[in-house]
Amino acid sequence: MIRLSLAAALALTACAANSPPQPAHSPQPPHLNAAHVDAIAWQPGARLVDLSYPYDTTTVYWPTDTSGFVLDKLHWGQTEGGYFYASAKMCSAEHGGTHLDAPIHFAEGKATADKIALDRLMAPATVIDISAAAAQNRDTLLSVRDIEAFERAHGRIEPKTIVLVRTGWSERWPDRKRYLGDDKPGDASNLHFPGIGEDAARALVARQVAAVGIDTASIDNGPSKTFMTHRILLGADIPAFENVASMKELPPRGALVIALPMKIGGGSGGPVRVVAVLPPR
């Protein structure tokens with residue numbers, strides 16, 4: 001096995017971040033995945049960016065998940081022994097807050113949350129920014145033209161890459177009405193927010209990406225009734241991360257993303273902590 005420290009990973013991603021834009025046919029930096037990162041050694045000056053929202057009473061869930069997040073404090077204070085002790089139980093639907101969509105969520109027989117390979121959860125990232133289009137049209141979709149334009153500017157999206165789509169919607173969190181387009185409990189019929197188009201989903205499958213993520217409530221846009229993007233990506237065993245927090249600090253290329261979900265046996269998804277590692281400035 002190739003032994004490669006995180007410091008080496010950051011050095012390589014730093015090269016990608018600082019290089020001039022490459023045409024799509026140019027050689028790309030070496031691919032890094034979890035199988036290669038078997039020793040962790042932080043490079044001085046490396047930056048960590050938390051791309052996750054906390055779970056609390058403000059957490060946004062899909063409108064049909066009306067119970068929200070509940071934290072029940074079983075004990076929170078001094079004990080008879082004279083020391084402080086805190087313990088609670090929590091209740092949450094799988095698909096709320098910053099969370100994972102496991103492939104089985106929309107694809108029978110595909111991977112459950114506990115069976116997703118680690119190299120789909122830890123990989124170099126590309127960030128495709130469609131926030132300008134989203135500001136003009138709240139139901140806008142990432143298209144294959146957007147992907148091709150990104151590749152002309154930054155080089156081809158390599159296999160086993162985590163593709164993050166930035167729409168700017170994180171600025172609306174946790175205002176449910178602004179974030180979802182509608183805040184009627186139990187009703188998902190009038191939602192409005194950006195997503196990933198069917199043609200783009202097929203293009204990402206063709207590029208054999210490791211995973212996708214977006215800063216909205218769904219990889220399909222709000223008005224979708226067929227959820228074709230879910231069906232295409234998850235059907236190809238490509239997991240998705242939804243409600244990813246602000247990506248504004250991330251460069252188009254050069255970040256290493258670690259997205260580790262709660263390992264729920266047989267689960268269709270679950271809470272995920274998404275962190276980006278950026279090279280030193």
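Given the structure is predicted, the values throughout are model-derived calculations rather than measurements.

1. So, the side chain of Thr167
Moving on, step 1. Relative to the helices and strands, Thr167 is located in the loop between β7 (162-166) and α4 (176-180).
Moving on, step 2. Side-chain polar atoms of Thr167 contact the backbone nitrogen of Trp169, separated by 3.1 Å.
Moving on, step 3. Looking at Thr167, its side chain comes within polar contact range of the side chain of Asp215, at 2.7 Å.

2. Topic: the packing of helix α5 (residues 198-206) against helix α6 (residues 228-235)
Moving on, step 1. At their nearest, the axes of α5 and α6 sit 9 Å apart, and the two run at 5° to each other. Overall, the two elements α5 and α6 adopt an arrangement that is roughly parallel. For the pair α5 and α6, the contacting residues are Glu198, Ala201, Arg202, Leu204 and Val205 in the first and Met228, Thr229, Ile232 and Leu233 in the second.

3. Structural notes on the side chain of His192
Moving on, step 1. Relative to the elements of secondary structure, His192 occurs in the loop between α4 and β8 (195-196).
Moving on, step 2. At a separation of 2.9 Å, a polar atom in the side chain of His192 contacts the side chain of Asp139.
Moving on, step 3. Excluding residues within four positions of it along the chain, His192 makes contact with Arg138, Asp139, Trp169, Tyr179, Leu180, Gly181, Gly222 and Pro223.

4. Section: the pairing of strand β11 (residues 253-261)
Moving on, step 1. With 8 of 9 residues buried, β11 lies mostly within the body of the structure.
Moving on, step 2. When strand β5 (residues 122-129) meets β11, the two strands line up antiparallel, connected through 5 bridges. Within β11, the residue paired with Ala123 across the bridge is Val257.

5. Looking at the confidence of the model for the chain
Moving on, step 1. Looking at the chain as a whole, the pLDDT averages 88, with 85% of positions reaching at least 70.
Moving on, step 2. Low confidence marks residues 1-41, where pLDDT is under 50. Its contacts with residues over four positions away, or in another chain, come to 70 contacts.

6. Some details on the packing of aromatic side chains
Moving on, step 1. Per the stated rule, a full pass over the model turns up 5 aromatic pairs.
Moving on, step 2. Ring plane angle 80° and centroid distance 6.3 Å describe the contact between Trp62 and Phe193, whose orientation is recorded as edge-to-face. Linking Trp62 in the loop between β1 (47-50) and β2 (70-78) with Phe193 in the loop between α4 and β8, this pair joins segments that are 131 residues apart in sequence.
Moving on, step 3. The class for Phe193 is buried, based on a relative accessible area of 0%.
Moving on, step 4. In textbook terms, an aromatic cluster arises when at least three aromatic residues are bridged by ring pairs, as seen for Tyr53, Trp173 and Tyr179.

7. Concerning the layout of surface pockets
Moving on, step 1. By volume, the largest pocket is sized at about 240 Å³.
Moving on, step 2. Lining the largest pocket we find 15 residues, and of these Tyr53, Tyr55, Pro271, Val272 and Arg273 sit closest to its centre.
Moving on, step 3. Every element with two or more residues in the lining of the largest pocket is listed here: β11 and β12 (269-278).
Moving on, step 4. Partitioned by chemical class, the residues of the lining of the largest pocket number 10 nonpolar, 3 polar and 2 charged.
Moving on, step 5. The volume enclosed by the second largest pocket comes to roughly 210 Å³.
Moving on, step 6. Lining the second largest pocket are 18 residues, with Trp62, His95, His105, Ala217 and Glu242 sitting closest to its centre.
Moving on, step 7. Each residue belonging to the lining of the second largest pocket can be placed in one class, and the counts come to 7 nonpolar, 8 polar and 3 charged.

8. Remarks on the pairing of β7
Moving on, step 1. Where burial is concerned, most of β7 is hidden: 5 out of the 5 residues are buried.
Moving on, step 2. Residues of β7 alternate between two faces, with Ile162, Leu164 and Arg166 on one and Val163 and Val165 on the opposite face, all of them buried.
Moving on, step 3. Both β5 and β7 contribute to a ladder of 5 bridges, which runs parallel. Note on β7: the bridge partner recorded for Asp129 is Arg166.

Here is what the cut-offs are and how they apply
- Every chain is numbered on its own, with residues counted from 1 as its sequence reads.
- Local features in this predicted model are restricted to residues of pLDDT 70 or higher, and side-chain atom pairs are both shown and tallied only at a pLDDT of 80 or more, whereas totals for entire chains, interfaces and linings draw on every residue.
- To get the side-chain values, take all heavy atoms of the structure and skip hydrogens and water.
- Helix and strand assignments come from DSSP, with helices taken as H or I runs of at least 4 residues and strands as E runs of at least 2, each series counted from the N terminus.
- The term polar contact refers here to a pair of N or O atoms within 3.5 Å; inside protein, the definition further demands a hydrogen-donor-capable atom paired with an acceptor-capable atom, and it admits residues adjacent in sequence only when both atoms are side-chain atoms.
- Angles shown run from 0 to 180 degrees and are taken between the N-to-C directions of axes, each axis being a line fitted to C-alpha atoms and, for helices, limited to the stretch in contact.
- Throughout this description, any angle smaller than 35 degrees is read as roughly parallel, any larger than 145 degrees as roughly antiparallel, any in the 65 to 115 degree range as roughly perpendicular, and the remainder as oblique.
- The contact criterion used throughout is that any non-hydrogen atoms of two residues lie within 4.5 Å.
- Any residue under 20% of the maximum accessible area for its type is buried, any over 50% is exposed, and the rest in between are partly exposed; the area is computed with a 1.4 Å probe on protein chains only.
- Between any two strands, pairing holds if DSSP finds at least two bridges.
- Values of pLDDT, which run from 0 to 100, indicate the predictor's confidence residue by residue.
- Planes of paired rings set the category: under 30 degrees apart is stacked, over 60 is edge-to-face and the rest tilted, where pairs are Phe, Tyr or Trp rings (Trp by its six-membered ring) whose centres lie within 6.5 Å.
- Cavities and pockets were defined on a 1 Å grid built over protein atoms only: a cavity is a set of grid points that admits a 1.4 Å probe from which the probe cannot escape, a pocket is an open set flanked by protein on both sides within 12 Å along at least five of seven lines, and lining residues are those with an atom within 4 Å of any such point.
- Grid points are joined across faces, edges and corners, and a volume is the space filled by probe spheres set on the points.
- Only Asp, Glu, Lys and Arg are considered charged in this grouping, and only Ala, Val, Leu, Ile, Met, Phe, Trp, Tyr, Cys and Pro are considered nonpolar; every other residue, Gly among them, is considered polar.

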